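Given next are the chains, with one letter for each unit.
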Amino acid sequence: MVLSRRSVMKAAALGAACSAIRPLTSFAADAIPNDDKQFHGLRVGICSYSLRSFPVADVLQDAKRLGVRYLSLKEVHLPLTSTPDQRKELRQQAEALGVSITSCGVIYLKDAEADMRQAFDYVRDLGASIAVVGVTRDQLPTLDKVIRSYDLKAAIHNHGPNDKRFPSPLEVYDATKGLDRKIGVCMDIGHTFRMHEDLVSDLKKTSDRLYSMHFKDLESDHVDAKGVPVGTGVMPIVPVLRELVRSGYSGEVQLEYEIEPKDPLPGMAESLGFMRGALQSVS
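Residues numbered from 1 in each chain as written. Predicted model: local features only at pLDDT ≥ 70, side-chain atom pairs only at ≥ 80, totals over all residues. Heavy atoms only, no water.

(A) Here's a closer look at the overall build of the protein. The helix and strand inventory of the protein stands at 11 helices and 10 strands. Burial analysis of the protein (283 residues in total) assigns 55% to the buried set. Roughly 12300 Å² of accessible area belongs to the protein as shown, and the carbon and sulfur atoms make up 52% of that amount. (Helix = DSSP H or I, 4+ residues; strand = E, 2+ residues; numbered from the N terminus. Buried < 20%, exposed > 50% of the residue type's maximum accessible area, 1.4 Å probe, protein only. Areas by Shrake-Rupley, 256 points an atom, 1.4 Å probe, with all protein chains shown as cover.)

Right, here's the structure in full:
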């Protein structure tokens, strides 16, 4: 039997997945491998939305078990209406496990300064540096005004063909020209692929305002395509990873595993295993 390069990499990913989920014991903060080595310098983590069926304590432990130290927190795990003390407590719980909450979202902003400030206070209190947001074009002037008061980035998320706000990251990028440099792009590569866009080209075009990525794989480029473990679908995962390394991308790369909500951990481990394996081949 002749093995293709892709099939070999899939096999490597499956092997990595078998050892990627760590036991619940040995949760010392220094037990997570150095991210510079395992992901070739990329800041790879997970979106807590991938584990939306589980309490936040399990999310933190699962991040640890998966061997990642970066987390993008979704409101389902801590409401925007939480108190500063509750946010501080969660931040301390994460840090005790060696996990950093680097972003929050997607947060759908309202066109009111007070509501935006509440959202950005939430992100700041959790120790994150990026608010992944959903906004309309009409809200951009307010966002531009409010973000200047914060030492945070606001990364606008694109949602593909059915998104009436910003279907493509290129549209986000064009809309942010002339706004504060802290306003940029969160590229969802799955939704972008559904737009039939060249992912590597989009990365290059948005690079100076690309602050966050939601990483996934799909079975096809159809609008209703289902998600699959990274490396088992049709998306150009390896070229995307290579471009991120080549360009010296310093933003976050958050695995968003939206399928199998009741049992996502095996698929997440397989996805991260493929990403580790693919990046080992990058010179």
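(B) Examining the environment of Lys205 more closely. Along the chain, Lys205 falls in helix H9 (residues 199-206). Under the relative-accessibility criterion, Lys205 is labelled partly exposed at 47%. Each C-alpha atom of the pair Lys205 and Leu170 lies 7.6 Å from the other, and the pair is 35 residues apart in sequence. Excluding residues within four positions of it along the chain, Lys205 makes contact with Leu170 and Tyr173. (Contact = heavy atoms within 4.5 Å.)

(C) Expanded view of the side chain of Glu197. With respect to the helices and strands, Glu197 occurs in the loop between helix H8 (189-194) and H9. Buried and unpaired, Glu197 has Lys205 as its nearest opposite-charge partner, separated by 7.7 Å. There is a polar contact of 2.8 Å between the side chain of Glu197 and the side chain of Ser168. Leaving out residues up to four positions away in the same chain, Glu197 has contacts with Ser168, Pro169, Leu170, Thr192 and Asp202. (Lys, Arg positive; Asp, Glu negative; His and termini not counted. Salt bridge = Lys/Arg side-chain N within 4 Å of Asp/Glu carboxyl O. Polar contact = N/O pair within 3.5 Å; in protein donor to acceptor, adjacent residues only side chain to side chain.)

(D) Highlighting the packing of aromatic side chains. As enumerated under the stated definition, the model contains one aromatic pair in all. Cation over ring: Arg43 sits above Tyr70, and NZ or CZ is 4.9 Å from the ring centre. The aromatic ring of Tyr211 is capped on one face by Lys153, whose charged end is 5.3 Å from the ring centroid. (Phe/Tyr/Trp six-rings, centres within 6.5 Å; stacked < 30°, edge-to-face > 60°. Lys NZ or Arg CZ within 6 Å of the ring centre and 35° of its normal.)

(E) Representation of helix H3 (residues 56-66) within the structure. Along H3, eight of the 11 residues are buried, which leaves the element largely enclosed by surrounding structure. Turning to H3, its buried residues are Val56, Val59, Leu60, Asp62, Ala63, Lys64, Arg65 and Leu66. Positive phi shows up at Gly67, right after H3, with a value of about 80°.

(F) Summary view of the side chain of Arg194. With respect to the helices and strands, the residue Arg194 is situated in helix H8. It is Asp188 that comes nearest to the buried, bridge-free Arg194 among opposite-charge side chains, at 5.6 Å. A polar contact is formed between the side chain of Arg194 and the backbone oxygen of Val223, at a distance of 3.1 Å. With residues up to four places along the chain from it excluded, the contact list for Arg194 reads Pro161, Leu218, Asp221, His222, Val223 and Ala225.

(G) Just unusual backbone geometry, in detail. A cis amide bond, omega 5°, links Gly105 with the succeeding residue Val106. Looking at the secondary structure, you find Val106 in strand S3 (residues 100-108). Its identity as a non-glycine residue notwithstanding, Glu260 has a phi of 50°, on the positive side. The residue Glu260 is located in the loop between strand S10 (252-255) and helix H11 (265-280) in this model.

(H) Structural context of the pairing of strand S2 (residues 70-73). Of the two faces of S2, the one carrying Tyr70 and Ser72 and the one carrying Leu71 and Leu73 are both buried. Taken together, the two bridges between strand S1 (residues 43-47) and S2 define a ladder with parallel strand orientation. Bridge assignment links Cys47 to a residue of S2, and that residue is Ser72. Pairing between S2 and S3: four bridges, direction parallel. By the bridge assignment for S3, Ser72 is matched with Ser103. Read from S2 through helix H4 (residues 84-96) to S3, the crossover connection turns out right-handed. (Pairing = 2+ DSSP bridges. Right-handed = clockwise from strand over helix to strand, strands pointing away.)

(I) Representation of the packing of H9 against helix H10 (residues 237-246) in the model. Orientation of H9 relative to H10, taken along the N-to-C sense of each, is 20°, at an axis distance of 9 Å. Classed by the angle they form, the pair H9 and H10 counts as roughly parallel. When you trace H9 past H10, the crossing you get is right-handed. In this structure, H9 contributes Leu199, Val200, Leu203 and Lys204 to the contact, and H10 contributes Pro239, Val240, Glu243, Leu244 and Arg246. For the contact of H9 with H10, a count of residues per class yields six nonpolar, no polar and three charged. (Axes fitted to C-alpha atoms, helices over the stretch in contact; angles between N-to-C directions. Parallel < 35°, antiparallel > 145°, perpendicular 65-115°, else oblique. Left-handed = near helix turned anticlockwise from the far one by under 90°. Nonpolar A, V, L, I, M, F, W, Y, C, P; charged D, E, K, R; others polar.)

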